[in-house]
Amino acid sequence: MSRVGFPKHLFAVLVIPALILTMLSFASAQEGKADAASPSADPASSQEKANPEVDPLKRPLTDKQKKQNSKSLKIELSKTYKKWLDEDVRWIITDEEQKAFKLLSNDEERDQFIEAFWQRRDPTPDTIENEFKEEHYRRMAYANEHFAAGIPGWKSDRGRIYIMYGPADEIESHPSGGSYERPMEEGGGETSTFPFEDWRYRYLEGIGQEVIIEFVDTCMCGDYHMTMDRSEKDALLNTPNAGLTLYEQMGMSSKADRFSGGGLERLGRGPFSNDLQTKEFDRLEQFYKLQKPPAVKFKDLEEVVSHKISVNLMPFDVRTDFVRVTSDTVLVPITIQVKNRDVTFVNKDGVQRGTVNIFGRVTTLTGKIVQTFEDTVQVDVPAELLPKVTENSSVYWKALPLRPNLYRIDVAVKDVNGDRSGLWSSRLPVPSFDDDRLSSSSLIVADTMSPVSTKEIGTGMFVIGNTKIRPRVASANGKPVVFKRNQKVYFWMQVYNLGVDDKTHKPSATVEYDVINAATNKAVIHTVESTDQMGNIGDQVTLEKPLSASSLDPGVYRIQIKVNDNISKQTVDPMATFAVE
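Residues numbered from 1 in each chain as written. Predicted model: local features only at pLDDT ≥ 70, side-chain atom pairs only at ≥ 80, totals over all residues. Heavy atoms only, no water.

## Some remarks on the overall build of the protein chain
Helices and strands together make up the secondary structure of the protein chain, namely 13 helices and 27 strands. Approximately 33,300 Å² of the protein chain is accessible, and the part contributed by carbon and sulfur atoms is 52%. (Helix = DSSP H or I, 4+ residues; strand = E, 2+ residues; numbered from the N terminus. Areas by Shrake-Rupley, 256 points an atom, 1.4 Å probe, with all protein chains shown as cover.)

See the structure below:
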């Protein structure tokens, strides 16, 4: 039997497409069955069918749904929310907050998130105003007005740094560039530069002390950009034999060496070149940290945030002072003042008693607890004297030893017999009293000052060293402390690091006391004394001065104590305000 040959090309044309269609149909049918039978097919959907009363906002989202939410974010977000995320808080929102915001599913949740965002940063959560928010938008407006250059000011590098960290403590500005004498750490010598600015911050949280940020306008168009390379401002950098450093002028180095070092900066060699490599790592780290949003400095007390305690607040005032103990320890007296009229008094055995519980906590800005204190202030008065006592205030004092640093302090008070409580929160910048710098403690204005016995030195309420001194606390509304004309006003201050003469081993300084009428800006009392009159003192001196308020007319006054060190040629002149009525 003969076989009839089947052309191979017809087999390829007719049979293979049929097989492909059959396989696709089979696969589609199998996929449909698998989807119908699979237990993992959209659990949220299955859960909704099984329990239609489940709140859609509380259902757990699958990975697929999270991706869909993220992809549709641009469509779902109105222009208001998109502008808030991409412009208003672009430089201060953390990555975690941004991710959380993008996962929100409706406008109500976004409104709640925005409200909580500003609350977490409010330095005074017990007041209506949010100072952080107000300051942020003020900085935005300032940046747009002063740093715009083809782009909105808030988008520029200078605008970003200003919005994140506020105004610099010092700015060296060269708006036209031109001739520039390099500092020795940049190689020395004279060159010509593009416009540039150096911003100096004494301290930036999370970045460090003495932070210097350089901005250069290489296009000469007002668009200053932040740079790590200090040679970028050198307009003659690529010009042969121009703008030479001192070593290059003396033939000790070649300008070509600048481009073969392989470092971050193309500075010429100089006397300080040996440690440039180490400093480059520091500059790289600083540049990295400056790209991150600043840490949230203020987080409300857990109870206040969780329960939003804002009803029936109890007012009180707080004062903090700083006194050096050792080179790395500072005594921080905290004075808390509560008006007696805000305290509930109850009759106990014929005596009117008011009781206030006080709790305080000092933390680092990362939330680590450094110190806590708690105590009870109790006032007992005969019933007939209660109206007079309610016109006065009760004062509590606690001294904490702390290391120089930037902290946060929270103080909470509660009226035990009533239902009122209050919270006070603030930054606590404990200063460093450097050994080579003339400095002073806080200038304390007090209503009581007296020496203590030997066994009481350094212990007890209101005791600093061998003196008991009770500070007057100014009210939160900004009004100065007030003295009656029949009272005495006391001033207390310590001065540190006075220069000591090598021959006499004694300091040589003058102290000027000026009481100035704030209305006329004229001194009504002026006295001068010398360290020669103070007996046997060393590089530290305690100044204690009384003043009778009756010698002053009613009004507001400034007390200024100016210390002139004749040896170190340094001066300190702290000032405080008080009123007489």
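Let us keep going from here.
## Here's the deal with the environment of Asp234
Relative to the helices and strands, Asp234 is located in the loop between strand S6 (225-227) and helix H10 (246-249). The spatial distance from the C-alpha of Asp234 to the C-alpha of Gly178 is 9.6 Å, given a sequence separation of 56 residues. Other than its neighbours up to four places away in sequence, Asp234 contacts Arg182, Thr191, Ser192, Phe194, Gly243 and Arg258. Reaching out from Asp234, the side chain makes a polar contact with the side chain of Arg182 at a distance of 3.0 Å. (Contact = heavy atoms within 4.5 Å. Polar contact = N/O pair within 3.5 Å; in protein donor to acceptor, adjacent residues only side chain to side chain.)

## So, helix H7 (residues 107-119)
Its 13 residues place the ends of H7 18 Å apart at the C-alpha level, agreeing with the 18 Å of an ideal helix rising 1.5 Å per residue. All of the buried residues in H7 are Arg110, Phe113, Ile114, Phe117 and Trp118. For H7, the buried positions fall inside an angular range of 125° around the axis, keeping them on one side. Capping of H7 at its N-terminal end is provided by Asn106; its side-chain oxygen lies 3.1 Å from the backbone amide nitrogen of Glu108. (Expected span 1.5 Å × (residues − 1). Buried < 20%, exposed > 50% of the residue type's maximum accessible area, 1.4 Å probe, protein only. Arc of directions from axis to C-beta.)

## Structural notes on the environment of Val389
Tracing the backbone through its elements, the reader meets Val389 in helix H13 (residues 386-389). In the structure, Val389 is positioned 50 residues away from Lys339 in sequence and 9.7 Å away in space, judged by C-alpha atoms. The residues touching Val389, leaving out its near neighbours within four places in the chain, are Asn340, Val379 and Val381.

## A word on the packing of helix H5 (residues 79-88) against helix H8 (residues 131-146)
With their axes 13 Å apart at the nearest point, H5 and H8 run at an angle of 75° to one another. Our classification of the angle between H5 and H8 gives roughly perpendicular. For the pair H5 and H8, the contacting residues are Trp84, Glu87 and Asp88 in the first and His136, Tyr137 and Met140 in the second. Its residues assigned to classes, the contact of H5 with H8 comprises three nonpolar, one polar and two charged. (Axes fitted to C-alpha atoms, helices over the stretch in contact; angles between N-to-C directions. Parallel < 35°, antiparallel > 145°, perpendicular 65-115°, else oblique. Nonpolar A, V, L, I, M, F, W, Y, C, P; charged D, E, K, R; others polar.)

## Digging into the sheet that holds strand S5 (residues 208-216)
Strand order in the open sheet made by the four strands is S1-S4-S5-S6, with antiparallel pairing throughout. In this open sheet, the two strands that pair with only one neighbour each are strand S1 (170-174) and S6. The mean angle between the axes of side-by-side strands here comes to 25°, regardless of whether they run parallel or antiparallel. Lying over the sheet, helix H9 (residues 157-165) contacts strand S4 (196-204), S5 and S6, oriented at roughly 15° with respect to S4. (Pairing = 2+ DSSP bridges.)

## Here we look at the nonpolar core
With 42 residues, the main nonpolar core has Ile336, Ile358 and Leu428 as its most contacted residues. Counting residues per element, this core draws most heavily on strand S9 (residues 329-339), which supplies six residues. Ignoring sequence-local partners within four residues, the contact set of Ile358 consists of Ile336, Phe373, Glu374, Asp375, Val377, Tyr396, Val411, Ala412 and Val413. Counting 28 residues, the second largest nonpolar core, distinct from the first, contains Val489, Leu498, Ile537 and Leu552. (Core = buried A, V, L, I, M, F, W, Y, C linked by side-chain atoms within 4.5 Å.)

## Side note on the packing of H5 against helix H6 (residues 95-102)
Where H5 contacts H6, the axes come no closer than 12 Å and their chain directions differ by 165°. With respect to their mutual orientation, H5 and H6 come out roughly antiparallel. H5 and H6 meet at a crossing whose hand is left-handed. Contact with H5, carried on its side by Tyr81, Trp84 and Leu85, involves Gln98, Phe101 and Lys102 of H6 and no other residues of that element. Grouping the amino acids of the contact of H5 with H6 by side-chain chemistry returns four nonpolar, one polar and one charged. (Left-handed = near helix turned anticlockwise from the far one by under 90°.)

## Focus: the packing of aromatic side chains
Centre-to-centre distance and the angle between the planes together describe a pair of aromatic rings. Taken as a whole, this structure holds 20 aromatic pairs when the rule is applied. Ring centres 5.4 Å apart and planes at 40° place the aromatic pair Trp84 and Phe101 in the tilted group. Of this pair, Trp84 sits in helix H5 while Phe101 sits in helix H6; the two residues are 17 residues apart in sequence, bridging distant segments of the chain. Judged by relative accessible area, which is 6%, Trp84 ranks as buried. Judged by its relative accessible area of 0%, Phe101 falls in the buried class. (Phe/Tyr/Trp six-rings, centres within 6.5 Å; stacked < 30°, edge-to-face > 60°.)

## A few points about the pattern of salt bridges
Per the counting criterion, the structure on display carries 31 salt bridges. The closest approach of N and O atoms between Asp328 and Arg403, which form a salt bridge, is 3.4 Å. Of this pair, Asp328 sits in the loop between strand S8 (323-326) and S9 while Arg403 sits in the loop between strand S13 (393-402) and strand S14 (405-415); the two residues are 75 residues apart in sequence, bridging distant segments of the chain. A residue is classified by how much of its surface remains accessible, and Asp328, at 34% relative accessible area, is partly exposed. (Salt bridge = Lys/Arg side-chain N within 4 Å of Asp/Glu carboxyl O.)

## Side note on the side chain of Glu248
Following the sequence through the fold, Glu248 ends up in helix H10. Leaving out residues up to four positions away in the same chain, Glu248 has contacts with Gly243, Ser253, Ser254, Lys255, Arg258 and Gly268.

## Some words on the state of the cysteines
Under the criterion given, the structure shown has one disulfide. Residue Cys219 pairs covalently with Cys221 via a disulfide, S to S 1.9 Å. Taking the torsion about the S-S bond as the criterion, the Cys219 to Cys221 disulfide, at about -60°, is left-handed. Overall, the relative accessible area of 40% leaves Cys219 in the partly exposed class. (Disulfide = S-S within 2.5 Å.)

## Focus: the environment of Arg437
The topology assignment puts Arg437 in the loop between strand S15 (421-430) and strand S16 (439-440). Residue class for Arg437 comes out partly exposed when judged on its relative accessible area of 35%. Other than its neighbours up to four places away in sequence, Arg437 contacts Ser432, Tyr496, Asn497 and Gln570.

## Overview of the confidence of the model for the protein chain
Of all residues in the protein chain, 82% attain a pLDDT of 70 or more, and the chain-wide mean is 81. Counting interchain partners and residues more than four positions distant, the pLDDT-below-50 stretch residues 1-50 has 14 contacts. (pLDDT = per-residue confidence, 0-100.)

## Section: the pairing of strand S11 (residues 351-364)
In terms of strand pairing, strand S10 (residues 345-348) meets S11 through four bridges, oriented antiparallel. Directly across from Lys348, in S11, lies its bridge partner Val351. Between S10 and S11, which follow one another and run antiparallel, lie two residues, and Asp349 among them has a positive phi close to 55°. Linkage of S11 to strand S12 (residues 369-382), two consecutive antiparallel strands, is achieved through a turn of four residues, within which Gly367 is found at a positive phi near 100°.

## Things to note about the pairing of S8
Pairing geometry for S8 and S9, over three bridges, is antiparallel. Counterpart to Arg324 in the pairing with S9 is Val330. Counting the residues between successive antiparallel strands, the hairpin from S8 to S9 contains two residues.

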